[in-house]
Amino acid sequence: MPELKNCKRCKKIFMHAVGPQLCDLCKQKEEEDFEKVRKFLRDYPGATIQEVSRATEVSAQLIYRFLRDGRIEVAADSPIALLCENCGVRITSGRFCVNCSKKLANEMMATGKSLRDSMNQRRSSIGDEKARGLRYLDEYRRDKSR
Ligand SMILES: [Zn+2]
Ligand SMILES: [Zn+2]
């Protein structure tokens, strides 16, 4: 359902349906920023965040977000240090290193499974109660008809 929201970038109220909370204009601007950063990093893989930010006029914060989102990647020897949010090891893109991504994916699957299991358990016990209720109803009806 589309809702009225404030654009995260310009604070303008707009109809937000899916994706990032940005109005059309800012979405377009962010795409342009993204292209600028991507091209600059391709040409100057050894640049620091400050250099990229100054050359592209894109805020360091946004550049970090592009990196965290995994949309851009820095060279392995780039001065831009991106660290795994779980173990702190150096990474070139995204939020977690390969090992932690794998581990987290496994954990997520495990919690998803146990959640499903407990849901199924609850559903089956509700089913029992309902069946018991019906049985009472049956007996009641039988009493009445007698
Ligand atoms: Zn906007
Ligand atoms: Zn890690």
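Given the structure is predicted, the values throughout are model-derived calculations rather than measurements.

K.L.:
Would you explain the overall build of the protein chain in this entry?
P.N.:
Per the secondary structure count, the protein chain includes 4 helices and 4 strands. Shown N-terminal to C-terminal, the secondary structure of the protein chain runs as helices and strands in the order β-β-α-α-α-β-β-α. Burial status across the protein chain gives 10% buried among its 146 residues. Pairs at least 24 residues apart make up 22% of the contacts formed inside the protein chain by residues separated by at least 6 positions.

K.L.:
I keep staring at the nonpolar core and nothing clicks. Help me out?
P.N.:
In summary, soluble globular proteins display a tendency toward joint burial of nonpolar side chains. Core analysis: the largest hydrophobic core is formed by 11 residues, namely Val37, Leu41, Ala47, Ile49, Val52, Val58, Ile63, Leu67, Ile72, Val74 and Ile80. Looking at this core, the elements with two or more residues in it are helix H1 (24–43), helix H2 (49–56) and helix H3 (60–68). Excluding residues within four positions of it along the chain, valine 52 makes contact with Val37, Phe40, Leu41, Ala47 and Ile63.

Rules used in this analysis
Residues take numbers from 1 onward in each chain, read along the sequence in its written order. Chain labels run from A onward and ligand labels from 1 onward, assigned in the order the entries are written. For this predicted model, a pLDDT threshold of at least 70 governs which residues receive local features, and a threshold of 80 or more governs which side-chain atom pairs are given and counted, while totals over whole chains, interfaces and linings are taken from all residues. The helix count covers DSSP runs of H or I at least four residues long, the strand count covers runs of E at least two residues long, and both are numbered beginning at the N terminus. Partly exposed residues are those whose C-beta has more than 12 but fewer than 20 other C-beta atoms within 10 Å; 20 or more makes a residue buried and 12 or fewer makes it exposed, with C-beta atoms placed from the backbone. Each residue gets a C-beta atom placed from its backbone, and two residues are in contact if those atoms lie within 7 Å. For this analysis, nonpolar core means a set of buried Ala, Val, Leu, Ile, Met, Phe, Trp, Tyr and Cys residues linked through C-beta atoms within 7 Å.

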